[in-house]
Amino acid sequence: MAGEPFGRTRDGRAVTRYELARGRLRAAILDYGGILTRLDVPDRAGRPANVVLGLADLADYEARNPHFGALTGRYANRIGGGRFSLDGREYRLPLNAGPNTLHGGPNGFDKRIWAVEAAEPARLVLHYRSCDGEEGFPGNLDVSVAYALTEDDALRIDYAAWTDRPTVLNLTNHSYFNLAGEGSGDVLGHLVSIAADAFTPTDATQVPTGAIEPVAGTPFDFRTPIALGARIREAVPQLAMAKGYDHNFVLRGGRTGLRPVATCLDPGSGRRLEVSTTEPGLQLYTGNNLDGTLAGPSRRLYRPGDAVCFETQGFPDAPNRPDFPSAVLRPGTCFTSTTLYRFDLG
């Protein structure tokens, strides 16, 4: 399958968009950042709509993208203080989120052009080599990511990675979902459930404190479906500091295999999303930093709460938290991870 041109980067590199189709789903993905720019899903009346936020052109993705749809790494989420120690050596990373490093740094995987290893009607395989020292991380790291549309109306993402030196790794896709359709307003009425009995609270800079706290009796209890907006304005410090939800949930099952971990239903359209993953954590983010200055393909401005992210992941700041699941990858081992975003009608 041949892609179509999507412009050139500021330094003149060509970017290509690939379109996938299978069953009821349609997707568009860039080789720049592995960005999922579009995902069309039908509603209960059979009418398709794009359910992920995005930007109009490559210039905006280069200059202003808050990680819409991107592959994030080498370390998704935050590393506190932009530093970590591994095997007795300290590594310092560039800071791009206050005093911390976020999503691999200012020039993380979301800013790189990925090589296309396979382009099929319903499957796209991307590869990127992150060289030793890139954004401060040790080791030459080879990453392969396969996007595929499945027979049961899911977008499946398979990750694999190898290194020649001990390093740390955390990979995710950062799609912003609005099941009513991109540009349709806020998602606070979406009903969400998460298979987690605990979460990792953060400090004022959004880095985990190291504690693992139960969700029972808090606004973080999504063990049964509840509207995203039902408790988002409760006067608790965790919500106040993040301006909404931007927290890692401790998923039941750890790294025990692929299993359902979250659901999201838009009552208006009937679109329902089920998230499955092999990862131990899930970052729930309600687009709190969307400030009305970005517009998507609909030409409507994005504001806080206009989307929800389900970022399957290892725990944030795990390289500095020995009690968290390890994020260390060593030579001779292969990191693998799978996430499915499956759609049906609720």
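Scroll up a little and you will see the structure.
Reading the values: the criteria
Residues numbered from 1 in each chain as written. Predicted model: local features only at pLDDT ≥ 70, side-chain atom pairs only at ≥ 80, totals over all residues. Heavy atoms only, no water. Pairing = 2+ DSSP bridges. Helix = DSSP H or I, 4+ residues; strand = E, 2+ residues; numbered from the N terminus. Axes fitted to C-alpha atoms, helices over the stretch in contact; angles between N-to-C directions. Buried < 20%, exposed > 50% of the residue type's maximum accessible area, 1.4 Å probe, protein only. Phe/Tyr/Trp six-rings, centres within 6.5 Å; stacked < 30°, edge-to-face > 60°. Disulfide = S-S within 2.5 Å. Polar contact = N/O pair within 3.5 Å; in protein donor to acceptor, adjacent residues only side chain to side chain. Core = buried A, V, L, I, M, F, W, Y, C linked by side-chain atoms within 4.5 Å. Contact = heavy atoms within 4.5 Å. Salt bridge = Lys/Arg side-chain N within 4 Å of Asp/Glu carboxyl O.

Colleague: Describe the sheet that holds strand β1 (residues 4-8), naming the residues involved and giving the relevant values.
Modeller: The strand order across the open sheet formed by five strands is β1-β2-β3-β4-β5, and the pairing between neighbours is antiparallel. Only two strands of the sheet have a single neighbouring strand rather than two, namely β1 and β5 (48-50). Taken pair by pair, the neighbouring strands of this sheet meet at an average axis angle of 20°, ignoring direction. Relative to strand β4 (residues 36-42), strand β3 (residues 25-30) runs antiparallel, the two being bridged by four bridges. Within β4, the position partnered with Arg26 by the bridge is Asp40.

Colleague: For the pairing of strand β22 (residues 259-265), give the residues involved together with the corresponding values.
Modeller: The buried count for β22 comes to six of seven residues, which makes it a mostly enclosed element. As paired strands, strand β17 (residues 191-194) and β22 are joined by four bridges and run antiparallel to one another. Note on β22: the bridge partner recorded for Ser193 is Thr263. Relative to strand β23 (residues 271-277), β22 runs antiparallel, the two sharing six bridges. Bridge assignment links Arg259 to a residue of β23, and that residue is Thr277.

Colleague: Any chance you could break down the pairing of strand β9 (residues 89-92) for me, citing the residues and the numbers?
Modeller: For strand β8 (residues 83-86) and β9, the ladder comprises four bridges, and the chain directions are antiparallel. Across the sheet, Phe84 pairs through a bridge with Tyr91, a residue of β9. The loop that links β8 with its antiparallel partner β9 comprises two residues; one of these, Asp87, has a positive phi angle of about 55°.

Colleague: Summarise the packing of aromatic side chains; cite the residues concerned and give the values.
Modeller: The tally for this structure, following the rule as stated, stands at 17 aromatic pairs. Taking the centre distance of 6.4 Å and the plane angle of 55° together, the rings of Phe6 and Tyr61 count as tilted. One end of the pair, Phe6, is in strand β1; the other, Tyr61, is in helix α1 (residues 58-64), and 55 residues separate them in sequence. Side by side, Phe6 and Tyr61 carry an identical accessibility label, which is buried.

Colleague: Any chance you could break down the state of the cysteines for me, citing the residues and the numbers?
Modeller: As used here, a disulfide is simply a covalent bond connecting the sulfur atoms of two cysteines. One pass over the full model with this rule turns up zero disulfides. Distance from the sulfur of Cys264, which forms no disulfide, to the nearest cysteine sulfur (Cys309) is 11 Å. With relative accessibility at 1%, the residue Cys264 sits in the buried group.

Colleague: Kindly report on the side chain of Thr338, identifying the contributing residues and their values.
Modeller: As for its placement among the helices and strands, Thr338 is situated in strand β27 (residues 335-345). A distance of 2.6 Å separates a polar atom in the side chain of Thr338 from a polar atom in the side chain of Asp158.

Colleague: Quick one: what's the story with the nonpolar core, residue by residue and with numbers?
Modeller: Looking at soluble globular proteins, one finds that nonpolar side chains tend to be buried together. Grouped together as the largest cluster of nonpolar side chains are 58 residues, with contacts concentrated most on Leu39, Phe177, Ile194, Leu284, Phe310 and Phe343. Sort the elements by how many residues they give to this core and strand β13 (residues 141-149) lands first, with five residues. Ignoring anything within four residues of it in the chain, the contact list for Phe343 reads Arg24, Leu25, Leu39, Val41, Val51, Asp152, Asp153, Phe177, Leu179, Arg272 and Leu273. Ranked by size, the runner-up nonpolar core spans 18 residues in total, among them Phe6, Leu55, Tyr61 and Cys309.

Colleague: I'd like to hear about the environment of Arg252, residue by residue, with values.
Modeller: If you trace the backbone, Arg252 turns up in the loop between β21 (246-251) and β22. Between the alpha carbons of Arg252 and Ala195 there is a distance of 6.0 Å; along the sequence they are 57 residues apart. Apart from residues no more than four positions distant in its own chain, Arg252 is found in contact with Ala195, Ala196, Asp197, Arg223 and Arg259.

Colleague: Tell me about unusual backbone geometry, and please be specific about residues and values.
Modeller: The step from Gly73 to Arg74 runs through a cis peptide bond, and the omega angle for that step is 5°. Within the secondary structure, Arg74 sits in the loop between β6 (71-72) and β7 (78-79). Of note in this structure, Asp87 is not a glycine but carries a positive phi near 55°. Relative to the helices and strands, Asp87 resides in the loop between β8 and β9. Its identity is not glycine, yet His103 carries a phi of approximately 55°, on the positive side. Among the structural elements, His103 can be located in the loop between β10 (101-102) and β11 (115-120).

Colleague: For the sheet that holds β23, give the residues involved together with the corresponding values.
Modeller: With antiparallel pairing, the nine strands of this open sheet are ordered in space as β11-β12-β13-β14-β27-β23-β22-β17-β20. Of all the strands in the sheet, just β11 and β20 (226-227) have a single pairing partner and so form its edges.

Colleague: Could you give an account of the pattern of salt bridges, with specific residues and numbers?
Modeller: For the structure on display, the rule yields 26 salt bridges. In this structure, the salt-bridge partner of Glu274 is Arg342, at a minimum N-O distance of 3.5 Å. Of the two residues, Glu274 is situated in strand β23 and Arg342 in strand β27; the sequence distance between them amounts to 68 residues. Look at Arg342 and you get partly exposed, because its relative accessible area is 22%. What emerges from the salt-bridge pattern is a single network uniting Asp197, Asp221, Arg223 and Arg252.

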